[in-house]
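# Report on the structure
So you can see what is in the structure, the chains are spelled out below.
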Amino acid sequence: MIVIDGVTYTYHQAGSAALDGVSATIAPGTWTVIVGPNGSGKSTLARLLNGLLAPSSGRVTVDEMDTADESHAWDVRSRVGLVLQNPDNQIVGTVVEEDVAFGPENLGVPREELRLRVDAALAAVRLTGLERREPHLLSEGQKQRLAIAGALAMRPAYLVLDEPTAMLDAEGRTDVLAVLKELQTSGTAIVLITHDLAEAIHAERVMALNAGSVVYDGEPRALLADDALMQSLGLEAPPFARFVSVLEHVGFDLASARTADDVVEALWPS
Ligand SMILES: Nc1ncnc2c1ncn2[C@@H]1O[C@H](COP(=O)(O)OP(=O)(O)OP(=O)(O)O)[C@@H](O)[C@H]1O
Ligand SMILES: [Mg+2]
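These remarks concern the structure in this document. (Residues numbered from 1 in each chain as written. Chains lettered and ligands numbered in written order. Predicted model: local features only at pLDDT ≥ 70, side-chain atom pairs only at ≥ 80, totals over all residues.)

### Topic: the overall build of the chain
Broken down by element type, the chain carries 10 helices and 10 strands. A compact globule built from 270 residues would reach a C-alpha radius of gyration of about 18 Å, and the chain, at 20 Å, matches this within 12%. For the chain, the spread of C-alpha atoms along the principal axes amounts to about 60 × 50 × 30 Å. Expressed as a percentage of the 270 residues in the chain, the buried residues total 38%. Within the chain, contacts between residues separated by at least 24 positions form 63% of all contacts whose residues are at least 6 apart in sequence. (Helix = DSSP H or I, 4+ residues; strand = E, 2+ residues; numbered from the N terminus. Rg over C-alpha atoms; globule rule 2.2 N^0.38 Å. Buried ≥ 20, exposed ≤ 12 C-beta atoms within 10 Å, placed from the backbone. Contact = placed C-beta atoms within 7 Å.)

Right, dumping it as structure tokens:
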């Protein structure tokens, strides 16, 4: 469990807080989507989750380890993988396999185990065969998946991804989301920061940040239905959600509809 307890974070002593009194928990194996306008504190929160930043006040614990305690730094970082907003900032190897090996190598993973982890991580993101490719020759989508592979090779219990699909086309997006779904199925908790609310409809839980505070934390439908809150967050309900809400308005019970097939079934029961 990751516990964020009354966390405030200020980048500069005098400046205003990037995060202000945030409390939340992330349970093992869950899927959480974080949304919020530019500058609302999403990336700051991501960095606090794996100890890259320590709270100015309040506490973050990862499986009961205080992230501000330097003696836990490695343990925390190996449990909480972080894929940064810009994958170029995360590339460290001169070829793909070196890049993926970098994290676990630093954790002291022995050679043979390292090979297994790198191969498994590359397979999971469908980059097998590109082991010797130079990372800068990869497409944007491949780079994004490489960054995810690097985090996966650490075998984290929690994986935090900061807008991993922002630079991808529709196909790349679907690909990355499919990889994440598989990971969650195998027990990894996913924390997905996104600007695309379509990625939130299927989440169990959405957290919305605004100006450094949590303004919503719960299932996606109540957020999507709250026009004033949506507007204050600069969010627009995705077409599917709008369609469902219109149908509900005229009397269809679509409370559990998540996919187009669910809607078809509700309109024309088989
Ligand atoms: N390195 C930094 N130094 C000083 N201020 C920063 C730094 N990084 C972020 N901030 C400020 O902290 C606040 C929160 O920024 P953060 O990057 O966490 O927001 P965000 O929600 O991730 O935004 P975006 O959607 O643009 O990625 C903003 O006011 C931002 O200007
Ligand atoms: Mg950000």
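### Regarding the pairing of strand S8 (residues 189–193)
One face of the sheet, then the other: side chains in a regular strand alternate in exactly this way. With five of five residues buried, S8 is to be regarded as a mostly interior element. The side-chain alternation of S8 yields two buried faces, one formed by Ala189, Val191 and Ile193 and the other by Ile190 and Leu192. Sheet topology note: the strand S3 (residues 31–35)/S8 ladder contains four bridges and is parallel. When the bridges of S8 are listed, isoleucine 34 appears paired with isoleucine 193. The pairing of strand S7 (residues 158–162) with S8 spans five bridges and is classified as parallel. Paired with leucine 159 across the two strands is isoleucine 190, which belongs to S8. Note that the unit made of S7, helix H6 (residues 170–185) and S8 has a crossover that is right-handed. (Pairing = 2+ DSSP bridges. Right-handed = clockwise from strand over helix to strand, strands pointing away.)

### Thoughts on unusual backbone geometry
Phi at arginine 126 is positive, roughly 60°, even though this residue is not glycine. Along the chain, arginine 126 turns up in the loop between helix H4 (111–124) and helix H5 (140–152). Phi at glutamate 163 takes a positive value of approximately 50°, unusual for a residue other than glycine. With respect to the helices and strands, the residue glutamate 163 is situated in the loop between S7 and H6. On the basis of neighbour count, glutamate 163 is assigned to the buried category, with 21 C-beta atoms found within 10 Å.

### Notes on helix H1 (residues 42–49)
Among the eight residues in H1, six count as buried, and that is most of the element. All of the buried residues in H1 are Lys42, Thr44, Leu45, Ala46, Leu48 and Leu49.

### Some thoughts on the sheet that holds strand S4 (residues 57–62)
In space, the four strands of this open sheet follow the order S2-S1-S4-S5, with antiparallel pairing throughout. The two strands at the open ends of the sheet, each matched to only one other strand, are strand S2 (19–26) and strand S5 (65–66). The pairing of strand S1 (residues 2–9) with S2 spans five bridges and is classified as antiparallel. Residue pairing for S2: isoleucine 2 is matched across the bridge by isoleucine 26. The strands that H1 touches are S1, S2 and S4; relative to S1, the one it contacts most, it runs at about 125°. (Axes fitted to C-alpha atoms, helices over the stretch in contact; angles between N-to-C directions.)

### A look at the sheet that holds S7
With mixed pairing, six strands are arranged side by side in an open sheet as S6-S7-S8-S3-S9-S10. Taken across any chain shown, the strands that pair with only one partner, and hence form the sheet edges, are strand S6 (80–83) and strand S10 (213–218). Strand-to-strand twist of the sheet, defined as the mean angle between neighbouring strand axes without regard to direction, takes the value 15°. Taken together, the four bridges between S3 and strand S9 (residues 205–210) define a ladder with parallel strand orientation. The residue bridging threonine 32 from the neighbouring strand is arginine 205, located in S9. The strands that H1 touches are S3, S6, S7, S8 and S9; relative to S7, the one it contacts most, it runs at about 155°. Contacts from H5 reach S6 and S7, with the element oriented near 165° to S6.

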